[in-house]
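Read off the chains here:
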Amino acid sequence: MNAAPPLIAFAHVSKSFDGGRGAKPVLAVDDVSLDVAGGEFLAIVGGSGSGKTTLLRLANRLIDADSGDIRVEGEDVRAVDPVALRRRIGYVFQSGGLFPHISVAGNIGITPKLLGLPAAEISSRVDELLDLVRLDRAQYRGRFPHELSGGQRQRVGVARALAARPKIVLMDEPFGALDPLTRDALGDDFRDLHRKLGLTTVMITHDMTEAILLADRIAVMRAGRLVAQGTPAELSKSGDAYVGELLRTPRRQAERLQVLLPRDGAA
Ligand SMILES: Nc1ncnc2c1ncn2[C@@H]1O[C@H](COP(=O)(O)OP(=O)(O)O)[C@@H](O)[C@H]1O
Ligand SMILES: [Mg+2]
């Protein structure tokens, strides 16, 4: 058995939100237990409102759990200063989450600046990060977010998340709003970064095909509950009807592609 402790561990975690105006509270995360091993790339898949974002935000204490236990690198997150915790965990927001009135360099360098690094060091770190996410330094440093394509914005978002050299990266539907080719290129590039930097990555997606192609392991959420977790091969053996439903599309695509696109084609 693998004795290494998980890098992120959720144990019986629940979180509800006030429904507002006398409505019933919403149980956004319902008794979830999930371990993420060091170096693992885990995808969280589930429909809209299934609690994916809430689970991710609990890990870096953007919100606090009602009950249960969350550990990051073995430490109870409640015992850690949230700001210090967030510096150890890179976070890529759904729509990039860049500050619109700050340049690319300013956005990427925001955490190093908060950490009080000297300007020259920040500047060279920004260049290094631009290289890492494959954006030309000279061309992109001074641009503003509205002068970038969606894919470029997400690359800047990834660079910013990596600025303080975190071991853990959390990504909330990072490639969701992109066209398929851009999305594919970015997914592959991030997968390479994950390996090269020895990261532990948790990525939310509503796209099971993307999860299968990028992640080592997949956790499936539905109505706040974790209904299944495992490798794609393990999930395909799950008896859960919802998991079966989620796997139907990638399966059908794979079968049709095999027929329509013979392996010995010219391109
Ligand atoms: N800050 C909040 N206040 C009230 N309800 C919330 C809040 N955040 C999330 N919720 C509710 O919790 C449930 C899960 O939301 P979320 O975690 O964002 O789902 P997902 O990311 O899977 O779409 C939803 O019903 C949502 O409306
Ligand atoms: Mg969400």
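Everything below is about the structure shown above.
Let us look at the structure shown here. (Residues numbered from 1 in each chain as written. Chains lettered and ligands numbered in written order. Predicted model: local features only at pLDDT ≥ 70, side-chain atom pairs only at ≥ 80, totals over all residues. Heavy atoms only, no water.)

1. Some thoughts on the site of ligand 1
Logical step 1: Close to ligand 1 lie Phe17, Val26, Ala28, Gly47, Ser48, Gly49, Ser50, Gly51, Lys52, Thr53 and Thr54, which account for all nearby residues.
Logical step 2: A distance of 2.8 Å separates an oxygen atom of ligand 1 from a polar side-chain atom of Thr53.
Logical step 3: Out of a free accessible area of 560 Å², ligand 1 has 59% covered by protein chains.
Logical step 4: Residue assignment for the shell around ligand 1 shows that the elements contributing at least two residues are strand E2 (26–36) and helix H1 (52–59).
Logical step 5: Top contributing element to the shell around ligand 1 by residue count: H1, with three residues.
Logical step 6: In terms of residue class, the shell around ligand 1 is made up of three nonpolar, seven polar and one charged. (Near = heavy atom within 4 Å. Polar contact = N/O pair within 3.5 Å; in protein donor to acceptor, adjacent residues only side chain to side chain. Areas by Shrake-Rupley, 256 points an atom, 1.4 Å probe, with all protein chains shown as cover. Helix = DSSP H or I, 4+ residues; strand = E, 2+ residues; numbered from the N terminus. Nonpolar A, V, L, I, M, F, W, Y, C, P; charged D, E, K, R; others polar.)

2. Regarding the side chain of Arg155
Logical step 1: Counting through the fold element by element, Arg155 comes out in helix H7 (residues 150–162).
Logical step 2: With relative accessibility at 14%, the residue Arg155 sits in the buried group.
Logical step 3: Engagement of the side chain of Arg155 in a polar contact is seen with the backbone oxygen of Val133, the distance being 2.9 Å.
Logical step 4: Contact partners of Arg155, with chain neighbours within four places excluded, come to Val133, Arg134, Leu135, Ala185, Leu186 and Asp189. (Buried < 20%, exposed > 50% of the residue type's maximum accessible area, 1.4 Å probe, protein only. Contact = heavy atoms within 4.5 Å.)

3. A few points about the pairing of strand E4 (residues 67–72)
Logical step 1: Two elements, strand E1 (residues 8–17) and E4, share five bridges in a ladder whose sense is antiparallel. Each residue of the ladder has a partner; that of Ser14, found in E4, is Ser67. (Pairing = 2+ DSSP bridges.)

4. Brief notes about the sheet that holds E4
Logical step 1: With antiparallel pairing, the four strands of this open sheet are ordered in space as E2-E1-E4-E5. Every other strand in the sheet has two partners, leaving E2 and strand E5 (75–76) as the edge strands with one partner each.

5. Thoughts on the packing of aromatic side chains
Logical step 1: Enumeration over the complete set of coordinates arrives at two aromatic pairs.
Logical step 2: Plain terms: the ring middles of Phe41 and Phe190 are 6.1 Å apart, the flat faces sit at 80 degrees to each other, and that makes the pair edge-to-face. With a gap of 149 residues between them, Phe41 in strand E3 (residues 41–45) and Phe190 in helix H8 (residues 180–196) connect regions that are remote in the sequence. Both residues of the pair, Phe41 and Phe190, belong to the buried class.
Logical step 3: Judged by centre distance (4.7 Å) and plane angle (45 degrees), the rings of Tyr91 and Phe93 are tilted.
Logical step 4: For Tyr91, a relative accessible area of 10% corresponds to the buried category.
Logical step 5: The partly exposed category is assigned to Phe93, whose relative accessible area is 34%. (Phe/Tyr/Trp six-rings, centres within 6.5 Å; stacked < 30°, edge-to-face > 60°.)

6. Some thoughts on a nonpolar patch on the surface
Logical step 1: On the surface, a cluster of nonpolar side chains totalling about 470 Å² of accessible area is made up of Leu257, Val259, Leu260 and Leu261.
Logical step 2: Along the chain, Val259 falls in helix H11 (residues 241–260).
Logical step 3: Taking the relative accessible area as the measure of exposure, Val259 reaches 64% and is therefore exposed. (Patch = residues over 30% accessible without salt bridge, like charges linked within 9 Å, V, L, I, M, F, W, Y side chains within 5 Å. Salt bridge = Lys/Arg side-chain N within 4 Å of Asp/Glu carboxyl O.)

7. Re the sheet that holds strand E9 (residues 217–222)
Strand-to-strand pairing in sheets goes through backbone hydrogen bonds, with the strands running parallel or antiparallel.
Logical step 1: Strand order across the open sheet formed by six strands is E6-E7-E8-E3-E9-E10, with mixed pairing between neighbours. Looking at which strands have only one partner, the edges of the open sheet turn out to be strand E6 (89–92) and strand E10 (225–230). Neighbour-to-neighbour, the strand axes of this sheet turn through a mean angle of 15 degrees, independent of strand direction.
Logical step 2: The pairing of E3 with E9 spans four bridges and is classified as parallel. Bridging across to E9, Ile44 finds its partner in Ala219.
Logical step 3: Across the sheet, H7 lies against E6 and strand E7 (168–172), angled at about 165 degrees from E6, the strand it touches most.
Logical step 4: Contacts from H11 reach E3, E9 and E10 within the one sheet, and its direction differs from that of E9 by about 120 degrees. (Axes fitted to C-alpha atoms, helices over the stretch in contact; angles between N-to-C directions.)

8. Quick look at the pattern of salt bridges
Logical step 1: Taken as a whole and judged by the stated rule, the model has 21 salt bridges.
Logical step 2: The partner of Arg71 in a salt bridge is Asp69, with the nearest N and O atoms 3.0 Å apart.
Logical step 3: The class of Arg71 is partly exposed, set by a relative accessible area of 34%.
Logical step 4: Under the relative-accessibility criterion, Asp69 is labelled partly exposed at 22%.
Logical step 5: Via salt bridges that share partners, Asp69, Arg71, Asp76 and Arg78 belong to a single interconnected network.

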